[in-house]
Amino acid sequence: MTTNTTEMVFTNARIVLPDEVVEGSLLVRGGRIADISASKASGGIDCEGDHIVPGLVELHTDHIEGHFVPRPKVRWNRHAALQAHDAQIASSGITTVFDALRVGIDEDAALGSADMTAMGEAIASATSEGRLRAEHFIHLRCEVSAADVMESFEALVENPRVRLASLMDHAPGQRQFVDLAVYRTYYQGKTGMSDEVFDAFCARRVRESEDYAPGHRLAIAKACRERGVTLASHDDATPEHVAEGLELGVAIAEFPTTIEAARLAGEAGLSVLMGAPNVVRGGSHSGNVSAADLIDIEALDILSSDYVPFSLIQAVFLLAPKIGLPRALRLVTLAPARAADLSDRGAILPGLRADLVRVRAGQADEVPPVVRGVWREGERVA
Ligand SMILES: [Fe+2]
């Protein structure tokens, strides 16, 4: 057996540790962090005063879909689509990513169950063949109100990259869209449905939710617990939603829609996740509680890039003046790593993986930070 002892030094860097920033140098040996020192090293990579931060950990991105369907009805080669997605992920400073694949399809979706299974297979084969820059896992986004959710779930859950699943119910009138008037504006605006068609659509979706959601939610949660797949609740709005999640064994509350639900979830030991685009844009598209509100009351643990990979690092530098860079970074590194049971990464500490990002801060709100280099287990990937 050979031991990898290759050494690499980053110097003249602002190294962001979990609770402080150290100006100095960082030693990497054999793909792991070996030492942090507050002095300048001779030789190595001169970071010119840039920050060195842990590789970001992203738990919920559906960004892959746009590469697979770049135009309506156009299916791109799935392996090439994955590589294009992966390149953007890595160059945004993300070294661990959970690609969200939809399970249980809503009718306006461009992609079906077979597409999702094919994307999942592409992720698994590219990973085992070492073709990807970031480390990819799969997050199954399970729409429990859909008639076909169990069939799609069973087709995907055996994929070895699946490590996380969320339980969603997007039927109108509850959770994400408690206010039907807001839902009407959003959905009719998106689809161009007439009032009559919209009303019939809502009635059908509510009926489906009543018929299918309770049984599917239980069955999927049970299957995930048995396989050690981490569970997340989605769009919790009420104390009942939080209690239900706890009973099912969820570890993460994704996108709670009210302060009450977020606070209760946090108090019960769940990790509360919100979208980084919400921080960057300064609000939510459906008028629900914002990430910034939750940060103010210390009820937010994790940010996810959702639909814009670069929003993660951008949000960190927008939040840093207010809450400090170490805390802002924990939202996108240590907290998501711990929530997903990845104990070997998420911080710059001796012994952890050398997943590292060299980043130069932006200027005020207008000019975003620049990712200048990304290393995964000590190997440069972007
Ligand atoms: Fe949602």
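The rules we used
Residues numbered from 1 in each chain as written. Predicted model: local features only at pLDDT ≥ 70, side-chain atom pairs only at ≥ 80, totals over all residues. Helix = DSSP H or I, 4+ residues; strand = E, 2+ residues; numbered from the N terminus. Rg over C-alpha atoms; globule rule 2.2 N^0.38 Å. Buried ≥ 20, exposed ≤ 12 C-beta atoms within 10 Å, placed from the backbone. Contact = placed C-beta atoms within 7 Å. Core = buried A, V, L, I, M, F, W, Y, C linked by C-beta atoms within 7 Å. Pairing = 2+ DSSP bridges. Axes fitted to C-alpha atoms, helices over the stretch in contact; angles between N-to-C directions. Parallel < 35°, antiparallel > 145°, perpendicular 65-115°, else oblique. Left-handed = near helix turned anticlockwise from the far one by under 90°. Nonpolar A, V, L, I, M, F, W, Y, C, P; charged D, E, K, R; others polar. Arc of directions from axis to C-beta. Right-handed = clockwise from strand over helix to strand, strands pointing away. Bend = angle between axes of the 7 residues up to and from the residue.

(A) A look at the overall build of the chain. Counting its regular elements, the chain contains 13 helices and 16 strands. Here the chain has a C-alpha radius of gyration of 21 Å; the compact-globule value for 382 residues is 21 Å, and the two agree. In terms of overall dimensions, the chain has C-alpha extents of about 70 × 45 × 40 Å along its principal axes. Counting across all 382 residues of the chain, residues that qualify as buried make up 47%. When contacts within the chain are restricted to residue pairs at least 6 apart in sequence, long-range pairs at least 24 apart make up 68% of them.

(B) Seen up close, the environment of His170. Along the chain, the position of His170 falls in the loop between strand E9 (162-168) and helix H5 (180-191). For His170, a count of 19 C-beta atoms within 10 Å puts it in the partly exposed group. Between the alpha carbons of His170 and Glu143 there is a distance of 7.3 Å; along the sequence they are 27 residues apart.

(C) Here's a closer look at the nonpolar core. Ranked by internal contacts, the top residues of the largest apolar core, which has 102 residues, are Ile52, Leu140, Cys142, Val272, Leu303, Leu312 and Val316. With 7 residues, the top contributor of residues to this core is helix H11 (residues 311-323). Once residues lying within four places of it in the same chain are set aside, the contact partners of Val272 are Ala253, Pro256, Ala262, Ala265, Gly266, Leu294, Ala299, Leu300, Asp301 and Ile302.

(D) Focus on the pairing of strand E8 (residues 135-143). With 9 of its 9 residues buried, E8 lies for the most part within the structure. Taking every second residue as pointing to the same face, both faces of E8 are buried, with Glu135, Phe137, His139, Arg141 and Glu143 on one and His136, Ile138, Leu140 and Cys142 on the other. Sheet topology note: the strand E7 (residues 94-103)/E8 ladder contains 8 bridges and is parallel. Across the sheet, the residue bridging to Arg102 is Arg141, located in E8. Where E8 meets E9, 6 bridges bridge the pair, whose relative direction is parallel. The partner of His139 across the bridge, within E9, is Leu164.

(E) Summary view of the sheet that holds strand E11 (residues 252-254). With respect to topology, 8 strands assemble into an open sheet ordered E6-E7-E8-E9-E10-E11-E12-E13, the strand pairing being parallel. Of all strands in the sheet, those with a lone pairing partner are strand E6 (56-61) and strand E13 (302-304), marking the two edges. Neighbour-to-neighbour, the strand axes of the sheet open up by a mean angle of 25°, direction not taken into account. Pairing analysis gives 4 bridges linking E9 to strand E10 (residues 230-234), with the strands arranged parallel. Across the sheet, residue Ala165 finds its bridge partner in E10, namely Leu231. The sheet strands contacting helix H6 (residues 195-227) are E8, E9 and E10, and the helix crosses E9 at an angle near 165°.

(F) Spatial organisation of the packing of helix H7 (residues 239-248) against helix H8 (residues 259-267). Contact geometry of H7 with H8 gives a least axis separation of 8 Å together with a crossing angle of 30°. One way to sum up the angle between H7 and H8 is to call them roughly parallel. The two elements H7 and H8 meet at a crossing, and its hand is right-handed. Every residue of H8 that contacts H7 at Pro239, His241 and Val242 is listed here: Glu260, Ala261, Leu264 and Ala265. Residue classes in the contact of H7 with H8 are distributed as 5 nonpolar, 1 polar and 1 charged.

(G) Spotlight on helix H4 (residues 149-157). Every buried residue of H4 is listed here: Val149, Ser152, Phe153 and Leu156. Buried residues in H4, looked at end-on, bunch into an arc of 100°, giving them a common side. For H4, the elements touching its buried residues are E7, helix H3 (113-128), E8, E9 and H6.

(H) Geometry of the pairing of strand E12 (residues 271-275). With 5 of 5 residues buried, E12 is to be regarded as a mostly interior element. Every second residue of E12 is oriented toward a common face, with Ser271, Leu273 and Gly275 on one face and Val272 and Met274 on the other, all of them buried. Examined bridge by bridge, E11 and E12 share 3 bridges and lie parallel to one another. Within the sheet, the bridge partner assigned to Glu254 lies in E12 and is Leu273. Considered for its hand, the β-α-β crossover made up of E11, H8 and E12 is right-handed.

(I) A look at H6. Of all bends in H6, the biggest is about 45°, found at Tyr212, and the proline Pro214 comes one to four residues later. Among all positions of H6, only Arg205, Ser209, Tyr212, Ala213, His216, Arg217, Ile220, Ala221 and Cys224 are buried. At its buried positions, H6 is contacted by E8, H4, E9, E10 and H7. Looking one or two places after H6, you find Gly228, whose phi comes out positive at around 70°.

(J) Representation of the packing of helix H2 (residues 78-91) against H3. The interhelical angle for the contact between H2 and H3, taken along N-to-C directions, is 65°, at an axis separation of 9 Å. Our classification of the angle between H2 and H3 gives roughly perpendicular. Judged by the twist between their axes, the crossing of H2 over H3 is right-handed. Residues Arg78, His79 and Leu82 of H2 form the contact with H3, whose participating residues are Ala118, Met119, Ala122, Ile123 and Ala126. Its residues assigned to classes, the contact of H2 with H3 comprises 6 nonpolar, 1 polar and 1 charged.

Note that all results are geometric; they support no functional claim without further evidence.
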